[in-house]
Amino acid sequence: MATSLKVAVIGAGVSGLIAARELQRESHQVVAFEKSHRLGGTWVYDPRFESDLLGLDLNREIIHGSLYKSLRTNLPRQLMSFIDFKLNDKTYGDERLFPGHEEVLKFLEDFAGYFELTELIRFNTVVTRVELVDSEIIEFEVESKTNGVNTVEVFDAVVTCNGHNNEPRPALNDTGIEKWSKKQMHSHNYRVPEPFRDQIVVVIGNGPSALDLSREIATVAKEVHMSSRSPHVKVSKSEKFSNIWQHAKIDCINDDGTITFEDGLSIDAHIIFHCTGYKCHVPFLKTNGIVRVQDKRIGPLYKHVFPPQLAPRLSFVGLPERSLTFLIVECQSKWIAKTLSMKISLPSKDQMLRDIKEHHGDIEDDGFPKAYTHFFEIENDYIDWVSAQLGMNVEKKFAEMFKYIIYCAISGNYDDIMNLFKVKFGI
Ligand code: FAD
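Everything in this summary refers to the structure shown in the same document. (Residues numbered from 1 in each chain as written. Predicted model: local features only at pLDDT ≥ 70, side-chain atom pairs only at ≥ 80, totals over all residues. Heavy atoms only, no water.)

## Comments concerning the site of the ligand
Taken together, 29 residues are adjacent to the ligand, and Ser15, Glu34, Thr42, His64 and Asn74 come closest. In the model, an oxygen atom of the ligand is placed 2.8 Å from a nitrogen or oxygen of the His64 side chain. At the level of secondary structure, the elements contributing two or more residues to the shell around the ligand comprise helix H1 (14-25), strand E4 (125-132) and helix H4 (325-340). Sorting elements by how many residues they give to the shell around the ligand places E4 first, with three residues. (Near = heavy atom within 4 Å. Polar contact = N/O pair within 3.5 Å; in protein donor to acceptor, adjacent residues only side chain to side chain. Helix = DSSP H or I, 4+ residues; strand = E, 2+ residues; numbered from the N terminus.)

In structure tokens form, the structure reads like this:
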């Protein structure tokens, strides 16, 4: 017989919303905690930025949002959709294949309205502590604060959907960058290009933010020098932008403040701009060391979702990075909801731990650092695996589209991706 549990969902972004819907469909009693006054998480554009531009000061006021004003999605609208609620079926006046962030937020608001999720959300309520009450029965105390008032409640299960694109991970290493006295900033705090006007900028990183933002700041900056540790990048001058150069990684910061790249060039820059991604951050979670959060790895987690010792009562949605987020979080949420109602069973604790060990071993064997634990460009069969647990078939077309995007990014065709995509998939 199906079991109905009292479940806390932490966060009402994409992951929290779809988790709430799936849990509700399985007749669990859901309370979704959201620290902001509105739903949407990352997709709520916030023009404010943090006082510490690198995000190192632990006492800074945290701004959740990382979106910049001009952001368009880096996936086509077909891939920013849920299985039965699609962005490409909606009309918001913007027909572009890669829509702006405003449209994604409207889509999420429509999604919440359509499935009556708003009633499940406690807005302006920050979760400050999730603590395992008893590791035998497995129950959690959830402490939260609404307008200064503290509440402690006990839940049968907790689904953690607090987002992982909010805690900057600047590239501070042994090259001396941390002591560089001029302006340094992380992309988390970027909103508009104006502060870069007439500046000589070093952009560290090689992901979507580094690529997008280098092009955007190049419209106002004097020079943009991209620096990457990836062995795939070609040291060169951009063919499309007269003021962008690609370099190898930074070799050292010299005593006079100039920056030398491993390709030998030295420049006198005004700003180092870190487009280097984010750390995992779950400050409220207390599990007596059962779940550890280290840099970009949360573990041990079976298939990026369940810590074996507390499965299925504690789970994580939305950890996969560089992935088909919408589709993956939907599949993960269905898997969690059905596992909690005992319609799907998990392998034994030992089997799950073995699987995790193997996964972590594979990452090391392939020469990737631990920070790649939840990095999905290299793990393409995950959606097939999770959907198979659900007895579902996800359209192959989605995975093909995603693989094509990754291929374009890796092969340097990223600039033309929007046109190439239309030609290849006829949409
Ligand atoms: P979030 O959207 O971060 O939501 C987490 C929610 O939890 C927030 O509402 C937050 O307020 C709440 N919360 C956090 N802590 C607490 C707490 N203690 N108590 C209560 N509430 C809490 N993905 C794509 O698919 N396509 C794209 O084009 C794309 N572009 C991106 C561009 C940028 C610049 C960034 C940063 C990310 C992008 N992503 C993109 C990834 C994006 O993060 C996901 O699409 C998705 O928004 C992740 O949703 P989430 O719910 O997991 O996290």
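## Re the packing of aromatic side chains
According to the stated counting rule, one finds 19 aromatic pairs in the structure shown. Consider the rings of Tyr68 and Tyr190, whose centres lie 5.8 Å apart with planes at 75°: the pair is edge-to-face. Highlighted residues: Tyr68 in the loop between strand E2 (29-33) and helix H2 (101-114) and Tyr190 in the loop between strand E9 (183-186) and strand E10 (200-204), separated in sequence by 122 residues. Note on accessibility: Tyr68 and Tyr190 belong to one class, buried. For the pair Tyr302 and Trp335, a centre-to-centre distance of 6.1 Å together with 50° between the ring planes defines the contact as tilted. Of this pair, Tyr302 sits in the loop between strand E21 (297-299) and strand E22 (314-316) while Trp335 sits in helix H4; the two residues are 33 residues apart in sequence, bridging distant segments of the chain. Judged by its relative accessible area of 6%, Tyr302 is buried. Joined through ring pairs, the aromatic side chains of Phe82, Phe85, Phe107, Phe111, Tyr114, Phe115 and Phe326 make up one cluster. (Phe/Tyr/Trp six-rings, centres within 6.5 Å; stacked < 30°, edge-to-face > 60°. Buried < 20%, exposed > 50% of the residue type's maximum accessible area, 1.4 Å probe, protein only.)

## What to know about the sheet that holds strand E16 (residues 266-267)
Strand order in the open sheet made by the three strands is E14-E15-E16, with antiparallel pairing throughout. Unpaired on one side and paired on the other, strand E14 (250-253) and E16 mark the two borders of the sheet. Of the strand pairs in this sheet, E14 and strand E15 (residues 259-261) are connected by three bridges, and their pairing is antiparallel. When the bridges of E15 are listed, Ile253 appears paired with Ile259. (Pairing = 2+ DSSP bridges.)

## Focus on H1
With 12 residues, H1 extends 17 Å from end C-alpha to end C-alpha; this agrees with the ideal 16 Å at 1.5 Å per step. With 10 of its 12 residues buried, H1 lies for the most part within the structure. Every buried residue of H1 is accounted for by Val14, Ser15, Gly16, Leu17, Ile18, Ala19, Ala20, Arg21, Glu22 and Leu23. Elements that come into contact with the buried residues of H1 comprise strand E1 (6-10), E2, H2, strand E3 (121-122), strand E7 (157-160) and H4. Looking one or two places after H1, you find Ser27, whose phi comes out positive at around 65°. (Expected span 1.5 Å × (residues − 1). Contact = heavy atoms within 4.5 Å.)

## Side note on the nonpolar core
In this structure, Trp43, Leu108 and Phe273 are the most contacted members of the largest nonpolar core, which totals 92 residues. Apart from residues no more than four positions distant in its own chain, Phe273 is found in contact with Met185, His186, Ser187, Tyr190, Phe196, Val201, Val202, Val203, Ile204, Leu213 and Ile217. Listed in part, the 24 residues of the second largest apolar core include Ile10, Leu132, Ile138 and Val158. (Core = buried A, V, L, I, M, F, W, Y, C linked by side-chain atoms within 4.5 Å.)

## Some remarks on unusual backbone geometry
A cis geometry characterises the amide bond from Gly299 onward to Pro300, with omega recorded as 0°. Structurally, the position occupied by Pro300 is in the loop between E21 and E22. Of note, the bond from Ala311 into Pro312 is cis; its omega dihedral lies within 30 degrees of zero at 0°. Its place among the elements puts Pro312 in the loop between E21 and E22. Of note, the phi angle at Asp198 is positive, near 65°, even though the residue is not glycine. Positionally, Asp198 belongs in the loop between E9 and E10. On the accessibility criterion, Asp198 (52% relative accessible area) is exposed. A positive phi is found at His304, a non-glycine position, where the angle reads about 65°. Tracing the backbone shows His304 in the loop between E21 and E22. The exposure class assigned to His304 is buried, which follows from its relative accessible area of 3%.

## Digging into the packing of H1 against H4
The relative placement of two packed helices comes down to the angle between their axes together with the axis-to-axis distance. Orientation of H1 relative to H4, taken along the N-to-C sense of each, is 35°, at an axis distance of 8 Å. When you trace H1 past H4, the crossing you get is right-handed. For the pair H1 and H4, the contacting residues are Val14, Ser15, Ile18, Ala19, Arg21, Glu22, Leu23 and Arg25 in the first and Phe326, Val329, Glu330, Ser333, Lys334, Ala337 and Leu340 in the second. Here the residues of the contact of H1 with H4 are counted per class, giving eight nonpolar, two polar and five charged. (Axes fitted to C-alpha atoms, helices over the stretch in contact; angles between N-to-C directions. Left-handed = near helix turned anticlockwise from the far one by under 90°. Nonpolar A, V, L, I, M, F, W, Y, C, P; charged D, E, K, R; others polar.)

## Focus: the packing of H1 against H2
Two elements in contact, H1 and H2, have axes whose closest approach is 11 Å; the angle formed by their N-to-C orientations is 20°. As far as their axial angle goes, H2 and H1 are roughly parallel. The crossing of H1 and H2 is left-handed. The residues of H2 that touch H1, namely those facing Val14, Leu17, Ile18 and Arg21, are Leu108, Phe111 and Ala112. (Parallel < 35°, antiparallel > 145°, perpendicular 65-115°, else oblique.)

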